[in-house]
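Take a look at the letters that make up each chain.
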Amino acid sequence: MNDFSYVRACDPDEAIGLVEPARFPGADSARFVAGGTNLLDLMKENVLRPHRLVDINGLARWSGIEPLPDGGLRLGALARNAHTARHPLVHERYPLLSSAILSGASPQVRNMASNGGNLLQRTRCYYFYDSLVPCNKRAPGSGCSAIGQLARQHAILGASEHCIATHPSDMAVALAALEAVVHVRSPRGDRAIPIGDFHRLPGDRPQQDTTLEEDELVLHIDLPPAAQYAAHSAYLKIRERSSFAFALVSVAAALDLGADGRIRSARIALGSVAHKPWRRREAEELLTGQAPGRDLFEQAAARLLDGARPQGSGPGHNAFKIPLARRAVVRALENAVRGSVRDTGEDRP
Ligand SMILES: Cc1cc2nc3c(=O)[nH]c(=O)nc-3n(C[C@H](O)[C@H](O)[C@H](O)COP(=O)(O)OP(=O)(O)OC[C@H]3O[C@@H](n4cnc5c(N)ncnc54)[C@H](O)[C@@H]3O)c2cc1C
Ligand code: SF4
């Protein structure tokens, strides 16, 4: 572990003022720390070497969840994942989000993990964690060790020749389907970033996971009203064990069904298939005005996965993800028609 200093900030402007570029070679810029469940792991693995940790847990105003006048909900960046998932208003209005959060990590990790930190967690690409091998995300310009090597968990959509990593968050997939907006502050003022623009595809700058600047602090995440989806939504996570594992593929599906049973509108987001939660409007539009059914859902899944490419072939590679993702989309939509799962029920606190 490298030397670093630790300081607690009590308000956002103080926190932003304390996050500054590295002052000596080999160190990273100072970093905000919330739950520390990802950042400290990366420091222990020598992937990140911040010279200062700015603890933002003192920003009490951003640790709660509050209703918005338009029927939406404001999730504080410092609210814990466990608190968010179990909050009565999240349960009632956004069961999809509860279900996605509860499918992730373990109760202990969710008790520490914050909403802001969850969106900003780094990829689980094993080469990224191994500081002895090249990785463009960790050391820009060094190369990508995953391309042509074992890439079971890697991207099938939106990858580039510089990086094929996926984003691991479950919460972000539900937030993408719910069209959340991330509110951030920096010395240049406040700005709001639609969740679809928050995470980015790797392109030729894979070191940058999001469109956030290093000195920008996430204050809160706003959910627009989505009452029309509360009765028919589903989060489906496919993983190698039934709990405490990152997704191979996940799907957030939300349907607004009319009195005649037809689909008035649909939202679908795929997780762990790309560098960001994956949505495609054409797939959702294909469902609009139609009666739910397996054939229709298969067409939507095919549209959503149009252009998907495996990384290599054979054992240890990920060609299996394409049919897996197609089937998962169909099953998630079928589950959504049956009714919302308000809880995964697997681990009550
Ligand atoms: C064993 C294990 C299993 C896990 N399984 C899953 C899983 O199945 N699904 C899943 O989705 N996640 C999983 N996670 C990841 C976990 O959800 C994240 O580690 C957690 O959400 C990160 O939140 P944090 O508050 O601890 O972030 P931190 O580790 O404190 O910070 C993470 C990053 O965000 C930055 N940051 C934090 N807050 C802010 C803010 N407000 N503004 C700007 N920058 C900020 C930090 O500087 C840092 O770069 C797992 C983690 C562990 C350790
Ligand atoms: S896929 Fe991305 S994160 Fe993984 S080794 Fe390649 S550049 Fe690094």
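Residues numbered from 1 in each chain as written. Chains lettered and ligands numbered in written order. Predicted model: local features only at pLDDT ≥ 70, side-chain atom pairs only at ≥ 80, totals over all residues. Heavy atoms only, no water.

You'll find the chain entered in an unreviewed UniProt entry as Xanthine dehydrogenase family protein subunit M, with Ramlibacter henchirensis given as the organism.

Attention now moves to the overall build of the chain. Looking only at helices and strands, the chain has 13 helices and 11 strands in total. The C-alpha radius of gyration computed for the chain amounts to 20 Å, which stays within 12% of the reference 20 Å derived for 349 residues, consistent with globular compactness. Based on the C-alpha atoms only, the size of the chain along its principal axes is roughly 65 × 50 × 35 Å. In the chain, buried positions account for 55% of the 349 residues. Expressed as a percentage of contacts within the chain between residues at least 6 apart in sequence, the contacts between residues at least 24 apart total 64%. On the chain, roughly 14,900 Å² of surface is accessible, and the fraction owed to carbon and sulfur atoms is 51%. Computing the positive centroid from 42 side-chain charges and the negative centroid from 38, the chain places the two 4 Å apart. (Helix = DSSP H or I, 4+ residues; strand = E, 2+ residues; numbered from the N terminus. Rg over C-alpha atoms; globule rule 2.2 N^0.38 Å. Buried < 20%, exposed > 50% of the residue type's maximum accessible area, 1.4 Å probe, protein only. Contact = heavy atoms within 4.5 Å. Areas by Shrake-Rupley, 256 points an atom, 1.4 Å probe, with all protein chains shown as cover. Lys, Arg positive; Asp, Glu negative; His and termini not counted. Charge placed at Lys NZ, Arg CZ, Asp CG, Glu CD.)

In the vicinity of ligand 1 lie 31 residues, with Phe32, Gly36, Thr37, Ser114 and Asp170 positioned nearest. A distance of 3.5 Å separates an oxygen atom of ligand 1 from a polar side-chain atom of asparagine 118. Of all the secondary-structure elements, those providing two or more residues to the shell around ligand 1 are strand E2 (31–33), helix H7 (115–119) and strand E8 (217–223). Residue composition of the shell around ligand 1, by class: 16 nonpolar, 11 polar and four charged. (Near = heavy atom within 4 Å. Polar contact = N/O pair within 3.5 Å; in protein donor to acceptor, adjacent residues only side chain to side chain. Nonpolar A, V, L, I, M, F, W, Y, C, P; charged D, E, K, R; others polar.)

Now for the nonpolar core. If you look at the biggest cluster of nonpolar residues, it comprises 53 residues, and the most contacted ones within it are Leu75, Leu97, Leu175 and Leu223. Here the element with the most residues in this core is helix H9 (residues 171–177); it accounts for seven residues. Discounting residues that sit within four places of it in the chain, leucine 175 has contacts with Leu75, Leu97, Leu119, Ala180, Ile195, Ile221 and Leu223. Within the second largest apolar cluster, 37 residues are counted, among which are Val251, Ala253, Ile268 and Val329. (Core = buried A, V, L, I, M, F, W, Y, C linked by side-chain atoms within 4.5 Å.)

The strand order across the open sheet built from five strands is E4-E5-E8-E6-E7, with neighbouring strands paired in antiparallel fashion. Of all the strands in the sheet, the pair left with one neighbour each is strand E4 (65–67) and strand E7 (189–194). Looking at each pair of strands side by side, their axes are set apart by 20 degrees on average, direction ignored. (Pairing = 2+ DSSP bridges. Axes fitted to C-alpha atoms, helices over the stretch in contact; angles between N-to-C directions.)

Moving on, we come to the sheet that holds strand E1 (residues 5–8). With respect to topology, three strands assemble into an open sheet ordered E1-E3-E2, the strand pairing being parallel. Both outer strands of the open sheet, E1 and E2, are each paired with one neighbouring strand and no more. Ignoring strand direction, the axes of neighbouring strands in this sheet form an average angle of 30 degrees. Relative to strand E3 (residues 52–55), E2 runs parallel, the two sharing three bridges. Note on E3: the bridge partner recorded for phenylalanine 32 is valine 54.

What follows concerns the site of ligand 2. Close contacts around ligand 2 come from 14 residues, with Cys125, Cys135, Cys144, Cys163 and Ile164 the closest. The site holding ligand 2 turns out to be the largest cavity. Split by residue class, the shell around ligand 2 holds nine nonpolar, four polar and one charged. (1 Å grid on protein atoms, 1.4 Å probe; cavity = no way out; pocket = protein on both sides within 12 Å on 5 of 7 lines; lining within 4 Å. Sits in = over half its atoms within 2 Å of the grid points.)

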